[in-house]
Amino acid sequence: MNLQLNGKRALITGGSRGIGKAIAYSLASEGAKVAICSRNEKDIATVANTLSKATSSTVYGVKADMGDLNSIEELFSKTRTNLGGIDILVNNAARVSVGTTPDSLLEVTDELLRYDFETKMLGYVRAAREAAHEMIQNRWGRIINISGMAGSAISAGMRNIALVSLTKSLSEELGPYGITTNAILPGFVATEDRKVRLEFLSAKTGIAPEILESETANSTSLKRIVTSKEIASVVAYLCSPLAQSITGEALSVGGGGNRTIPY
Ligand SMILES: NC(=O)c1ccc[n+]([C@@H]2O[C@H](COP(=O)([O-])OP(=O)(O)OC[C@H]3O[C@@H](n4cnc5c(N)ncnc54)[C@H](OP(=O)(O)O)[C@@H]3O)[C@@H](O)[C@H]2O)c1
């Protein structure tokens, strides 16, 4: 199937590794011109270069912090200069919740709450607002919010629910201009740092990482852990003109059976 993404201009926040990198590869492979960002200048330049060579498409790497308004404005300005505009925004940059940071009521710190608010809530809203001006003028656009299913964690749960609500609001406000907005809810994804996250959970629970991994896989309908490439394929379809009729949705992409947040 031709996803008709050739020549579309896409900004993916947080593309130096993990899900964002897989999305960047997927969109660039479909012929989109892509910009990615991370807080680490060297990493993002290296990954942009690698992806550009692998896909024979434009992949532009920018240092940016999605928790900082000035940095976001600079990212959009540089992206517009380099790609000529933005048709697709994938809000992705944030910390992974499960297996990284203590996040129960008795453990959660104000620092974590503030970080999640600044990056994954305010950061996503600010980026959508930056992108929307141009998309409204063009009467076309795609906004994808990478949320998550961590419903039982305090900070991650609040941010994930907030993003589902944000997605719905944006879909209603921007829909009349041909702009669709959807959220993706990954479960536990097999990214580069999955071992580190399993070891963190193992230290916390006393359960061996291999057992945690197989329990996670068995909690899904497919009995396996979803890959970042699989998340990226769904995102690429939602970015396509072919997906014009899908908006305001929060789509679980976790192999089934592991939805944990109500919506
Ligand atoms: N992996 C999972 O199992 C899983 C499950 C559910 C939801 N998610 C969500 O999926 C998204 C991606 O997760 P992932 O697993 O791909 O994470 P990851 O492997 O840690 O990658 C995160 C990417 O975002 C960048 N980033 C993080 N904070 C940033 C900031 N403030 N400004 C700019 N860039 C930033 C990172 O680069 P720097 O650190 O160099 O800035 C990196 O490129 C996140 O929103 C996460 O919550 C992941």
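Anything mentioned here points back to the structure above.
Notes on the structure in this doc start here. (Residues numbered from 1 in each chain as written. Predicted model: local features only at pLDDT ≥ 70, side-chain atom pairs only at ≥ 80, totals over all residues. Heavy atoms only, no water.)

1. Describing the environment of Ala250
The cut-off we apply is this: For the purposes of this entry, the term helix denotes a DSSP run of H or I that reaches at least four residues, the term strand denotes a run of E that reaches at least two, and both are numbered from the N terminus. Categorising residues by exposure relies on relative accessible area from a 1.4 Å probe, with only protein chains included: less than 20% of the type maximum marks a residue as buried, more than 50% marks it as exposed, and the intermediate range marks it as partly exposed.
Positionally, Ala250 belongs in strand 9 (residues 250-253). Overall, Ala250 belongs to the buried group, its relative accessible area being 11%. In this structure, the C-alpha to C-alpha distance between Ala250 and Ala183, residues 67 residues apart in sequence, is 4.5 Å.

2. A look at the pattern of salt bridges
The condition is simple: Criterion for a salt bridge: a side-chain nitrogen of Lys or Arg within 4 Å of a carboxyl oxygen of Asp or Glu.
Overall, the coordinates contain twelve salt bridges when judged by the stated rule. With a shortest N-O distance of 2.6 Å, Glu230 and Arg224 are connected by a salt bridge. Overall, the relative accessible area of 33% leaves Arg224 in the partly exposed class. Residues joined by salt bridges that share partners form a network here, namely Arg95, Asp103, Asp116 and Arg159.

3. Describing the site of the ligand
Quick note on the threshold: If even one non-hydrogen atom of a residue comes within 4 Å of a molecule or strand, that residue is called near it. Under the rule applied, a polar contact is a pair of N or O atoms within 3.5 Å (in protein, one hydrogen donor and one hydrogen acceptor; residues adjacent in sequence only if both atoms are side-chain atoms). We get accessible surface area from the Shrake-Rupley algorithm with a probe of 1.4 Å; when it comes to residues, only the shown protein chains can shield them.
For the ligand, the set of nearby residues contains 31 residues, the closest of which are Ser16, Ile19, Arg39, Asn92 and Lys120. Within the side chain of Arg17, an N or O atom sits 3.2 Å from an oxygen atom of the ligand. A distance of 2.8 Å separates an oxygen atom of the ligand from a polar side-chain atom of Lys120. Protein coverage of the free-state accessible area of the ligand, which is 880 Å², stands at 95%. Put simply, the parts of the chain that give the shell around the ligand at least two residues each are helix 1 (18-29) and helix 4 (110-138). It is helix 4 that provides the largest number of residues to the shell around the ligand, a total of four residues.

By themselves, these observations are geometric and do not establish any function.
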